[in-house]
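Below, each chain spelled out in residue letters.
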Amino acid sequence: MAQWEGVSEFVAVAQFGSFTAAANKLGSTVVKVSRRVSQLEQRLGVKLLHRTTRKVTLTEAGRVYFGQCKHLVEGLENAELAVTQMQSEPRGVLKVTAPVTYGEKYVAPLAHRFLQQYPQVDLDLNLTNQTLDLVDSGIDVAIRLGRLQDSTLIAKRLGERQLLVCAAPDYLAEHGEPQTLAQLRQHQCLVGSVDVWRFSEQGSGKALRVSGRIRCNSGVALLDAACAGLGLVQLPEYYVADRIASGALQEVLTEYRDAREGIWAVYTPNRNLSAKVRLFIDFLAESLAR
């Protein structure tokens, strides 16, 4: 068993490039992880990691050792998980993050139904529009909307959303309805956290910079401003569908709708998802598909 000492710690550090992230993943401490890796280097007689105050990188020997050990550690974790899941139902704290409005409208109600099915699971739900680091925050699942940035995370598509441009009938009666994207320059556009709206023109995506009297990082606030007749707004359909149905808002530029975007469950690439995480993601996918 001495041959295994420090191997899991080294593999975790190599995967995440950080002693802190490795300690969080292993449920350990930075001091303990660092000590176990140092002991492993002493036993092997080679330096596996370059350590600086800013980052951790693999040496040439470290790259070779990591390539051989990664699959062994994953195999051991998979074997342990398979056995434990045979004799226990999902349990423990499930840490989830999601954007505020989408989380309130969809994720939270579904998560509550999930807890009713699995009484041994506790929920820690963080609704925020900030993109949290899953490893540093110890998050099991992040719900992300739209286009994903390149990363080492695993993403499962749960559904789709559509961006719509809308305005109050009173605003359109006073200022006219835009018929082309170029005419947006003549209108008050309610700007969110970014001042670029996305469209599709002749089959190609197009990003257009917009401006107006109001800028706000809250979709709910922008929705209220649009309903008050203060300008045009581009928001996902789950913000505006009810207001369009009631007549409070009217969609414009329908022929320029951008392609539908994905709604994703994102998680770290370890591997062997625990039962609670795997079942929760499957539950979300099935529920949102309906």
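Residues numbered from 1 in each chain as written. Predicted model: local features only at pLDDT ≥ 70, side-chain atom pairs only at ≥ 80, totals over all residues. Heavy atoms only, no water.

Further remarks concern the environment of Phe16. For Phe16, the position within the fold is in helix α1 (residues 7-16). Between the C-alpha atom of Phe16 and that of Gln234, which follows or precedes it by 218 residues, the distance is 37 Å. Filtering out sequence-adjacent residues up to four positions away, Phe16 remains in contact with Ala21, Ala22, Lys25 and Val135. (Helix = DSSP H or I, 4+ residues; strand = E, 2+ residues; numbered from the N terminus. Contact = heavy atoms within 4.5 Å.)

For an α-helix the count is 3.6 residues per turn, leaving residues at separations of three or four pointing the same way. Compared with an ideal rise of 1.5 Å per residue, which puts 18 residues at 26 Å, helix α5 (residues 100-117) spans 24 Å between its outermost C-alpha atoms and is within 8% of the ideal. Most pronounced at Val107, the bend in α5 amounts to some 40°, and the proline Pro109 follows within four residues. Looking at α5, one finds that the buried residues are Thr101, Tyr102, Gly103, Val107, Ala108, Leu110, Ala111 and Phe114. (Expected span 1.5 Å × (residues − 1). Bend = angle between axes of the 7 residues up to and from the residue. Buried < 20%, exposed > 50% of the residue type's maximum accessible area, 1.4 Å probe, protein only.)

Another aspect to go through is the confidence of the model for the chain. The pLDDT averaged across the chain works out to 88; a share of 94% of its residues lies at or above 70. Across the chain, element-level confidence peaks in strand β12 (residues 250-252) with a mean pLDDT of 97 and bottoms out in helix α4 (residues 60-86) with 75. (pLDDT = per-residue confidence, 0-100.)

Mapped onto the secondary structure, Arg144 falls in strand β5 (residues 141-145). Within the buried set, Arg144 has no salt-bridge partner at all; the shortest N-O distance to an opposite charge, 7.9 Å, is to Asp133. One polar contact links the side chain of Arg144 to the main-chain carbonyl oxygen of Leu132, over a distance of 3.0 Å. Those residues in contact with Arg144 that lie beyond four places of it in its chain are Thr131, Leu132, Leu134, Leu153, Gly262, Ile263, Trp264 and Val266. (Lys, Arg positive; Asp, Glu negative; His and termini not counted. Salt bridge = Lys/Arg side-chain N within 4 Å of Asp/Glu carboxyl O. Polar contact = N/O pair within 3.5 Å; in protein donor to acceptor, adjacent residues only side chain to side chain.)

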